[in-house]
Amino acid sequence: MKNVYLDNSATTEMSPSVIRAMTNALGNYGNPSSLHSIGHNAKKMIEQARESVAKLVGADVDEIIFTSGGTESNNTVINIAGEIINNNEIKKEIIISAIEHPSVIEAAKRLEKNGIKVSYLSVDRGGRVIIDELRKMLSEKTALVSVMFANNETGTIQDIKEICRLAHEAGALMHTDAVQAIGKVDFDVKDLDVDYASFSAHKINGPKGVGALYVKKQSLYSPFMVGGHQEAGRRAGTYNTLGIVGFGQAAKDALGAPKKYQEIINPIKNDLRELILKSIPRVIVNGDQESTLPNILNVSFPGAEGESILLYLDNYGISSSTGSACASGDTKPSHVLMAMLDDPELAHGSIRFSFGLDNTTDDVDYVMQYLPKIVEDLRSISTLETGDK
Ligand code: PLP
């Protein structure tokens, strides 16, 4: 049976160059904080990786802090906002979008439990935040605005530059979760002008359990992990040398990737979208197709459960996802699709196909051999079927 992996937004396969770099680094057991040469060699590898990550996102090297991944980077920033609010007479609230990753939403809810006001920005049907609403929410009380660069379920890209401009105009700090955008679209943190940005290695063919937080020089900071002087006191804990080396290699490889995604993968993804629309009745394509990542396609099949479609596809060796992998096993409809569509049936009937650079048109043909029949069969037995064919 063929294997077609279309779940690259959940995670990616480590590339051979990353595996090679990590394998070569395996023997270097030194603690990068040690002053002897074995430690120094490990530290050198970390600093080379930092340069690669900084270059990929347009940061200065000392603006990159290595973390355990996107979740920790996001938690760190929301925590900073809490600290600011607790120590400031004017700043009293934060604004996040309703479609953020749970690592932003849950961290914000923790602030809410401690009495801090959190406002949730609505999105339109395409998943773009409503800028007018942001304008109304912003005030001198706003400490932080956090809006993701691109959504992990739909691929919808936000106008971060404009959102950041508005946040700064109101005197607020700006964070963007760029975990899904890095390596897929070109951007530069200095050009965006954000104060903080989150990244993760395993979405760009690097290892799991390592990521980075960009912190613009002079932006307020307070460490989330304490108890060590690593990362200039900004993130305590012995360095994950191997992971960081792998992340550095993945970042180096990702430098030319956005162009390849745009030129090679985007047309393949669009082919799948058009074939689905042509061959399967009553399909809704989720996400703003004018402003979307080149590798994510999210579609709803009313009358069929996304989870059932996923399992049937898996029987044929096709890996896909219902919304975000982090939410799988959760029977609640996706909070992202609910914020966009406010329709549990559409939210339940959605499937995300997320492409990597290894996918080809053959993979699309293979999916189309099975998907129409799977949807038809599921609709014919479904209690969700509304009969409005
Ligand atoms: N933010 C977004 C948009 C994501 O898609 C993910 C992972 O799915 C994360 C954050 C969390 O990153 P990590 O898995 O590195 O903790």
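Residues numbered from 1 in each chain as written. Predicted model: local features only at pLDDT ≥ 70, side-chain atom pairs only at ≥ 80, totals over all residues. Heavy atoms only, no water.

Chemist: Mind showing me how you'd approach the domain arrangement of the chain here?
Modeler: Interface size is commonly expressed as the accessible area that is lost once the parts come together. You can read the domains of the chain as domain 1 (4-12 + 256-381) and domain 2 (16-254). If you look at the interface, domain 1 gives 30 residues, while domain 2 gives 34 residues. Taken together, the two surfaces of domain 1 and domain 2 that pack against each other cover about 2,600 Å², and 52% of this comes from carbon and sulfur. If you look at where domain 1 meets domain 2, you find 1 salt bridge. Arg 128 is the salt-bridge partner of Asp 288, the closest N and O atoms lying 3.8 Å from each other. Connecting domain 1 to domain 2 are 19 residue pairs in polar contact (both at pLDDT 80 or more). Mapped onto the side of domain 1 that touches domain 2, the elements with two or more residues apiece are helix 10 (257-279), strand 10 (296-300) and helix 12 (335-341). The residue inventory of the side of domain 1 that touches domain 2, partitioned by class, reads 14 nonpolar, 14 polar and 2 charged. (Domains from an automatic or database assignment. Contact = heavy atoms within 4.5 Å. Buried area = accessible area lost by both parts, 1.4 Å probe. Salt bridge = Lys/Arg side-chain N within 4 Å of Asp/Glu carboxyl O. Polar contact = N/O pair within 3.5 Å; in protein donor to acceptor, adjacent residues only side chain to side chain. Helix = DSSP H or I, 4+ residues; strand = E, 2+ residues; numbered from the N terminus. Nonpolar A, V, L, I, M, F, W, Y, C, P; charged D, E, K, R; others polar.)

Chemist: How do you make sense of the site of the ligand when you look at a structure like this?
Modeler: Around the ligand, the surrounding shell holds 15 residues, and the nearest of these are Thr 71, Asp 177, Gln 180, Ser 200 and Lys 203. In this structure, Gln 180 approaches the ligand through a side-chain N or O atom, which is 2.8 Å from an oxygen atom. At 2.8 Å from an oxygen atom of the ligand is found a side-chain nitrogen or oxygen belonging to His 202. Out of a free accessible area of 400 Å², the ligand has 90% covered by protein chains. Here the shell around the ligand takes 3 residues from helix 3 (residues 70-86), the largest share from any one element. Residues belonging to the shell around the ligand are distributed by class as follows: 3 nonpolar, 10 polar and 2 charged. (Near = heavy atom within 4 Å. Areas by Shrake-Rupley, 256 points an atom, 1.4 Å probe, with all protein chains shown as cover.)

Chemist: What should I look at first to understand the environment of Asn 88 in this one?
Modeler: Within the element layout of this structure, Asn 88 appears in the loop between helix 3 and strand 3 (93-97). Residues Asn 88 and Asn 151 lie 63 residues apart in sequence; the distance between their C-alpha atoms is 32 Å.

Chemist: Would you mind going over a positive patch on the surface with me for this structure?
Modeler: Together, Lys 109, Arg 110, Lys 113 and Lys 332 give the surface a local cluster of positive charge. Along the chain, the position of Lys 113 falls in helix 4 (residues 102-113). (Patch = residues over 30% accessible without salt bridge, like charges linked within 9 Å, V, L, I, M, F, W, Y side chains within 5 Å. Lys, Arg positive; Asp, Glu negative; His and termini not counted. Charge placed at Lys NZ, Arg CZ, Asp CG, Glu CD.)

Chemist: So what exactly am I meant to see when it comes to the pattern of salt bridges here?
Modeler: Pairs can form between side chains of opposite charge whenever their charged atoms are close. Inspection of every chain in the model, using the stated rule, returns 23 salt bridges. Glu 231 serves as the salt-bridge partner of Arg 50, at 2.7 Å between the closest nitrogen and oxygen. You can see Arg 50 sitting in helix 2 (residues 37-57) and its partner Glu 231 sitting in helix 8 (residues 230-233), a full 181 residues away along the chain. Classification of Arg 50 as buried rests on a relative accessible area of 5%. We note a salt bridge from Lys 216 to Asp 193, for which the minimum N-O separation is 3.0 Å. With Lys 216 in the loop between strand 8 (211-215) and helix 8 and Asp 193 in the loop between helix 7 (189-192) and strand 7 (196-200), this pair connects stretches of sequence that are 23 residues apart. Within this structure, Asp 60, Asp 62, Glu 63, Lys 190 and Lys 217 form a network of salt bridges that share partners. (Buried < 20%, exposed > 50% of the residue type's maximum accessible area, 1.4 Å probe, protein only.)

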